[in-house]
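Summary of the model geometry
This is what each chain is made of:
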Number of protein chains: 4
Amino acid sequence: MPTHPVHLLVSCPDSKGLVSAMTGFLASHDLNVLDLDQHTDSQEDWFFARIAFDLSGSGPLPDLIELWRPIAESHDMSWRLHDTAERRRMAILVGKGDQCCRELLWRWEDGQLDCDIPLVISNHPDAAKHVERFDVPFHVLPVSAETRREQERAIRTLIQEHDVELVVLARYMQILSADFVASMPNRIINIHHSFLPAFAGSKPYHQAHARGVKVIGATCHYVTEELDAGPIIEQAVVPVNHRDTLDDLVRKGSDLERSALVSGVRLHLQDRVLVHGRRTVVFH
Amino acid sequence: MPTHPVHLLVSCPDSKGLVSAMTGFLASHDLNVLDLDQHTDSQEDWFFARIAFDLSGSGPLPDLIELWRPIAESHDMSWRLHDTAERRRMAILVGKGDQCCRELLWRWEDGQLDCDIPLVISNHPDAAKHVERFDVPFHVLPVSAETRREQERAIRTLIQEHDVELVVLARYMQILSADFVASMPNRIINIHHSFLPAFAGSKPYHQAHARGVKVIGATCHYVTEELDAGPIIEQAVVPVNHRDTLDDLVRKGSDLERSALVSGVRLHLQDRVLVHGRRTVVFH
Amino acid sequence: MPTHPVHLLVSCPDSKGLVSAMTGFLASHDLNVLDLDQHTDSQEDWFFARIAFDLSGSGPLPDLIELWRPIAESHDMSWRLHDTAERRRMAILVGKGDQCCRELLWRWEDGQLDCDIPLVISNHPDAAKHVERFDVPFHVLPVSAETRREQERAIRTLIQEHDVELVVLARYMQILSADFVASMPNRIINIHHSFLPAFAGSKPYHQAHARGVKVIGATCHYVTEELDAGPIIEQAVVPVNHRDTLDDLVRKGSDLERSALVSGVRLHLQDRVLVHGRRTVVFH
Amino acid sequence: MPTHPVHLLVSCPDSKGLVSAMTGFLASHDLNVLDLDQHTDSQEDWFFARIAFDLSGSGPLPDLIELWRPIAESHDMSWRLHDTAERRRMAILVGKGDQCCRELLWRWEDGQLDCDIPLVISNHPDAAKHVERFDVPFHVLPVSAETRREQERAIRTLIQEHDVELVVLARYMQILSADFVASMPNRIINIHHSFLPAFAGSKPYHQAHARGVKVIGATCHYVTEELDAGPIIEQAVVPVNHRDTLDDLVRKGSDLERSALVSGVRLHLQDRVLVHGRRTVVFH
């Protein structure tokens, strides 16, 4: 019988017996722990855990949840449960430069991203050629200062119609409204083309070049209302030197963006990221 | 009341309920889990865990062990327990080049290595000057082809007299006898000045230079009977290029050796390394 | 007037006045140096240089060469000259796994590799789908123990017919004959999926996993008669740990292979690599 | 006859024949080029070069300089010349934490830094113990808000008395006056404990921890009037994660600081750094 993994994520004030309560519950229902990660932030007295367990051969998940609920409540746990049999649905938003978008589609096509991708949305037609190679529907929704609200409404409608649970901004150079962001907390992932918090905002490679830094970076993070300030999932860096022109920074940075974004998205899809305030716990 | 951490390490065939058995035992004795790491090697069906728990306010450890023993036996566990109140005793063996030795002493003096260092032993007098700066007794035991056995016997005597539990070979360029190695399994740590298994044996920097590699490395590993083939704890690497002379490789490599050795020794002293065959599980 | 770069590469015994001879020659013909790299291997007393100069506004290159020849001869120089107005022609050979091949085609399509790619050759039909997306002709030449010679002859015929100057083995898992290799010295580039010289030969990820290394690598090198022993152009590495299964190593390694191969091929196409014995000088 | 290297550094507007003019001059005086590095910033049309040549067997340097001067003037060159026979004199300023200071002294003692160190100055007595191990005079000059000017004057007097040419701030946590800084342009090197421009100012590790970054860094730069904004010589980075407490960041960062500072100081002492505006050209 193949395994049927279910992921349980827990975040709560630290106290004695938390791991025991979780694993004891699973053991009492004869459910095998496939993988367990735990972290205690001793400064904040906060407990984080991720348990992957095998549901195969067990009763239905909803029944199990009912039995779990009182245990979680007694420990003040925030928790969520993801049945991997239900594939997540992810939408990609992309601007003119589609390197990150292509990388995501490539990995997805190769089976490295465990999700469905029902659509890609862009404000430009440029990415069409590459997206269509992957047989993923491509929607163009142009935007101008006047149509900003309307265009975003159209995006949100598409996202709802396609039951999208995760939105990835793959170099989508528009700023989302606070409303949109608030409607999908920790479910919008962005790639910023710098080593945040250095060079937040626009044209980070220009800024990096002018400042003469010797290392550049890329940052994959959840989107929050404050621009480029959301919880960081992953950062990648590469050395540069005086020989690197602005174009070289863009090219080298593009490689970083691709790998940091794919890595961050994969970690999210595997339920390996817990957010606590402005920080993340990432169980690699 | 300050915490009094005890480390429990477990390695055994995988089965259901192992984490629950461990954490349930601790919970039933009202012992708080400070940190828990777990890994299941699904290819070998093997389970590894490290639990740090707080003994403060509890009964004596020996009593607890007696209660733990039957649980461990019922799951076929190999296990060990380290009461951090008892500081480990570590000896350093060093040859002519004492950079690694100095780095260990420096970190130790700064409180970064949780152990006592009752002595440093060398086959050369060269390191005396630096070792004595740290007020650590320095023993010179010269060695030649004829005196090899006798010299090693003297080392082993010193180690026993000083109750040494961990031996670190900090660029000690002599090969230990199979007997010596067998007497301290996974308790002798070596630093090899290459990215093993590349360039095992002598003069690895010469080999690396001749081969024209673009990255060099250093490997911290447990010593086993087979030369440079023991379980790897840590590896560090750095890029090199055609401008690097042999001397540059030695200098750059020396930095790697220092950091890889300190890191490996620290991980060992924190009971973060479990050995399984030729491989290690390292809970960073 | 746009620049018209020409690359001059020189390798010769070291002596006084070499740079002066080269730059003096260019200055006397009013040719502007765009970029100059020089290296002296003091151990071998050998001189290496790469000069990019601007031919625009100058007389024809062949005339210039005739004037350069006696200078080069008087200093015992090995030299070659590449007029960037003439694009190189590159063929890709690929096996079943086509990740490296796709990466090359992608970069090439984006204008990052300065060459033409008249064809891709494989012993399997698998890569067809991806290659054809890039509108590059794809040739399948299956191979078996009996047809090895014949198949290689067919490859060489294709390569000649298409005026191919550089052959890239992008995970082409067949061993080329000594004859073939000798016919294109330092013009066949391979990507090996390990940090050479560790894990030469087949199944390097299996070897790396069994050995329990903490870092894996990929090596881009010129092919020579001896397997996996040719001059190294580029090496890339990434940390791994006990959680990484064999599949994880393959996936992580694949990313390394892609970037090391693209990087090595780009350096070659930019005439930045000089070979001297088993070593390379790479002017980044 | 041993070589007697002299370093010539040039920075000027780009024009044809610059390398030829430099190497031609040396060749005409029968001086052998040991090493040549050149860079043209095509965006700013600016030329940079470093030539190491061998003075042994030649006439006196001052005569040579007189012959060189008109050539330099005709090309509008900024230039400086360093005769390696004259050792530079370097002072270290240190605060309470002396890890960086110790690393510099250690490397210097091992012959890796080509300079004299006539004194170490601190505003605290704490570093005395370690500095005195290296037999380097240690001066304590305490500072308070009231005595700031006076204390700095005392420092400057010491520096002048000891003919100091390079000042290294090895975690000296006081801000130097604009006057002091202006008096030693590009001759005061600081190590900042973050990846600048992220986390400039005080308590960068606190800032990094609060922001939840996944990579931390250290920056070695020349001191200019504007705090933490001077030209960057070297940056080093290391990954961190949620398990790293503030103390861990401090410890890991300390390793970065040590290596970035030593590296930056070595590059400066070898005349490998040219400053142009806010950027550096570093000929590794």
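Everything numeric here is computed off the predicted structure, so don't read it as measured data. (Residues numbered from 1 in each chain as written. Chains lettered and ligands numbered in written order. Predicted model: local features only at pLDDT ≥ 70, side-chain atom pairs only at ≥ 80, totals over all residues. Heavy atoms only, no water.)

Moving on: the overall build of chain A. Counting its secondary structure elements, chain A contains eight helices and 13 strands. On C-alpha atoms alone, chain A measures out to a radius of gyration of 21 Å, which is about the 19 Å that the 2.2 N^0.38 rule sets for 284 residues. When its C-alpha atoms are laid out on the principal axes, chain A stretches across 60 × 40 × 35 Å. Look at the contacts in chain A between residues 6 or more apart in sequence, and 65% of them connect residues 24 or more apart. When the accessible surface of chain A is totalled, it reaches about 11,400 Å², and 50% of it is carbon and sulfur. (Helix = DSSP H or I, 4+ residues; strand = E, 2+ residues; numbered from the N terminus. Rg over C-alpha atoms; globule rule 2.2 N^0.38 Å. Contact = heavy atoms within 4.5 Å. Areas by Shrake-Rupley, 256 points an atom, 1.4 Å probe, with all protein chains shown as cover.)

Time to look at the interface of chain A and chain D. Counting from both sides, the interface comprises 31 residues of chain A and, opposite them, 31 residues of chain D. Taking both sides of the interface into account, the surface hidden between chain A and chain D amounts to around 3,000 Å²; carbon and sulfur atoms contribute 55%. It is A:Arg211, A:His242 and A:Arg279 that lose the most area in chain A upon contact with chain D, and together they represent 26% of the buried surface on that side. Along the contact surface separating chain A from chain D lie zero salt bridges. (Buried area = accessible area lost by both parts, 1.4 Å probe. Salt bridge = Lys/Arg side-chain N within 4 Å of Asp/Glu carboxyl O.)

Okay, the interface of chain C and chain A next. Listed as interface residues are 20 residues of chain C and, on the opposing side, 20 residues of chain A. Summing both partners gives a buried area of about 1,800 Å² for chain C against chain A, and 32% of it is carried by carbon and sulfur. Looking at the side of chain C facing chain A, the largest losses of area belong to C:Trp106, C:Arg133 and C:Arg243, adding up to 35% of the total buried there. Inspection of the chain C/chain A interface yields 14 salt bridges. Residue A:Arg243 is joined to C:Asp35 by a salt bridge in which the shortest nitrogen-to-oxygen separation is 3.8 Å. Linking chain C with chain A are 17 residue pairs in polar contact (both at pLDDT 80 or more). Elements represented by at least two residues in the side of chain C that touches chain A include exactly β2 (32–41), α3 (99–109), α4 (128–133) and α8 (246–269) of chain C. With six residues, α3(C) is the single largest residue contributor to the side of chain C that touches chain A. Of the residues that constitute the side of chain C that touches chain A, the class distribution is two nonpolar, four polar and 14 charged. (Polar contact = N/O pair within 3.5 Å; in protein donor to acceptor, adjacent residues only side chain to side chain. Nonpolar A, V, L, I, M, F, W, Y, C, P; charged D, E, K, R; others polar.)

Turning next to the sheet that holds strand β6 (residues 115–122) of chain C. Residues and elements named next belong to chain C. Pairing within the open sheet is mixed, and its seven strands lie in the order β7-β6-β5-β8-β9-β10-β11. Two strands close off the open sheet at either side, each with one partner strand: β7 (138–140) and β11 (232–239). Direction aside, neighbouring strands of the sheet carry axes that sit 20 degrees apart on average. Of the strands in this sheet, β5 (88–94), β6, β8 (166–170), β9 (188–192), β10 (215–222) and β11 are in contact with α8, which crosses β10 at around 30 degrees. (Pairing = 2+ DSSP bridges. Axes fitted to C-alpha atoms, helices over the stretch in contact; angles between N-to-C directions.)

So, about the pattern of salt bridges. Inspection of every chain in the model, using the stated rule, returns 91 salt bridges over all chains. Shared partners join several salt bridges into a network, and the residues in it are A:Glu103, A:Arg107, A:Asp255, A:Arg258, C:Glu103, C:Arg107, C:Asp255 and C:Arg258.

This part takes up the packing of aromatic side chains. Per the counting criterion, the structure on display carries twelve aromatic pairs over all chains. Consider the rings of A:Trp106 and C:Trp106, whose centres lie 5.4 Å apart with planes at 40 degrees: the pair is tilted. Of this pair, A:Trp106 sits in helix α3 (residues 99–109) while C:Trp106 is found in helix α3, placing the two residues in two different chains. Assessed through its relative accessible area of 2%, A:Trp106 is described here as buried. Both rings, one in B:Trp68 and one in B:Trp79, keep their centres 6.2 Å apart while their planes meet at 90 degrees; by these two values the pair is edge-to-face. Of the two residues, B:Trp68 sits in helix α2 (residues 61–74) while B:Trp79 sits in strand β4 (residues 78–83), which places them eleven residues apart along the sequence. You can call B:Trp68 buried: its relative accessible area is 2%. Since its relative accessible area comes to 25%, B:Trp79 is described here as partly exposed. Among the aromatic side chains, those forming a connected cluster through ring pairs are A:Phe25, A:Trp68 and A:Trp79. The ring of C:Phe134 carries A:Arg133 above its face, with NZ or CZ at 4.6 Å from the centroid. (Phe/Tyr/Trp six-rings, centres within 6.5 Å; stacked < 30°, edge-to-face > 60°. Buried < 20%, exposed > 50% of the residue type's maximum accessible area, 1.4 Å probe, protein only. Lys NZ or Arg CZ within 6 Å of the ring centre and 35° of its normal.)

The next point concerns the relation of the copies chain A and chain D. Once turned by 180 degrees and shifted 0.0 Å along the axis, chain A lies on chain D with an RMSD of 0.0 Å. On this basis, the relationship between the two copies can be described by a two-fold rotation axis. Relative to the rotation axis, the closest C-alpha in chain A is found at A:Ala198, a distance of 2.2 Å. Comparing interface residues between copies, 100% of those in chain A also sit at the interface in chain D, which points to an isologous, same-surface contact. (Least-squares fit on C-alpha atoms with pLDDT ≥ 70 in both.)

All names here are of chain A. Partitioning chain A into structural domains gives domain 1 (6–83) and domain 2 (88–282). For domain 1 versus domain 2, the distance between C-alpha centres works out to 31 Å. Together, the buried faces of domain 1 and domain 2 total about 990 Å²; carbon and sulfur atoms form 55% of this surface. If you sort the residues of domain 1 by the area they bury against domain 2, Phe-48, Arg-50 and His-82 come out on top, with a joint share of 43%. (Domains from an automatic or database assignment.)

Right, let's talk about the relation of the copies chain C and chain A for a bit. Note on the identical chains: chain C maps onto chain A by a rotation of 180 degrees and an axial translation of 0.0 Å, with an RMSD of 0.0 Å. A high fraction, 100%, of the interface residues of chain C reappear at the interface in chain A, so the copies pair face to face through one surface.

In this section: the side chain of B:Asn190. Residue and element names in this part refer to chain B. Within the fold, Asn-190 resides in strand β9 (residues 188–192). With a relative accessible area of 11%, Asn-190 lands in the buried category. When sequence neighbours within four positions are dropped, the list of residues in contact with Asn-190 reads Leu-169, Thr-219, Cys-220, His-221, Val-223 and Asp-228.

Residues and elements named next belong to chain D. Strand order across the open sheet formed by seven strands is β7-β6-β5-β8-β9-β10-β11, with mixed pairing between neighbours. Edge positions in the open sheet fall to β7 (138–140) and β11 (232–239), since each of these has one partner strand only. Each strand axis lies, on average, 20 degrees off the axis of its neighbour in the sheet, ignoring direction. The strands touched by helix α5 (residues 148–161) within the sheet are β5 (88–94), β6 (115–122), β7 and β8 (166–170), with β6 carrying the most contacts at an inclination of about 165 degrees.

Running from N to C, α3(A) and α3(C) point in directions that differ by 160 degrees, and their axes come no closer than 13 Å. By the angle between their axes, α3(A) is roughly antiparallel relative to α3(C). Crossing handedness for the pair α3(A) and α3(C): right-handed. Facing A:Gln99, A:Arg102, A:Glu103, A:Trp106 and A:Glu109 of α3(A), the residues of α3(C) in contact are C:Gln99, C:Arg102, C:Glu103, C:Trp106 and C:Glu109. (Parallel < 35°, antiparallel > 145°, perpendicular 65-115°, else oblique. Left-handed = near helix turned anticlockwise from the far one by under 90°.)

Residues and elements named next belong to chain A. At their nearest, the axes of helix α7 (residues 204–211) and helix α8 (residues 246–269) sit 10 Å apart, and the two run at 125 degrees to each other. Considering the angle they form, α7 stands oblique to α8. Regarding α7 and α8, the two cross each other, and that crossing is right-handed. Mapping the contact onto sequence places Tyr-205, His-206, Ala-208 and His-209 in α7 and Leu-246, Leu-249, Val-250, Gly-253, Ser-254 and Glu-257 in α8.

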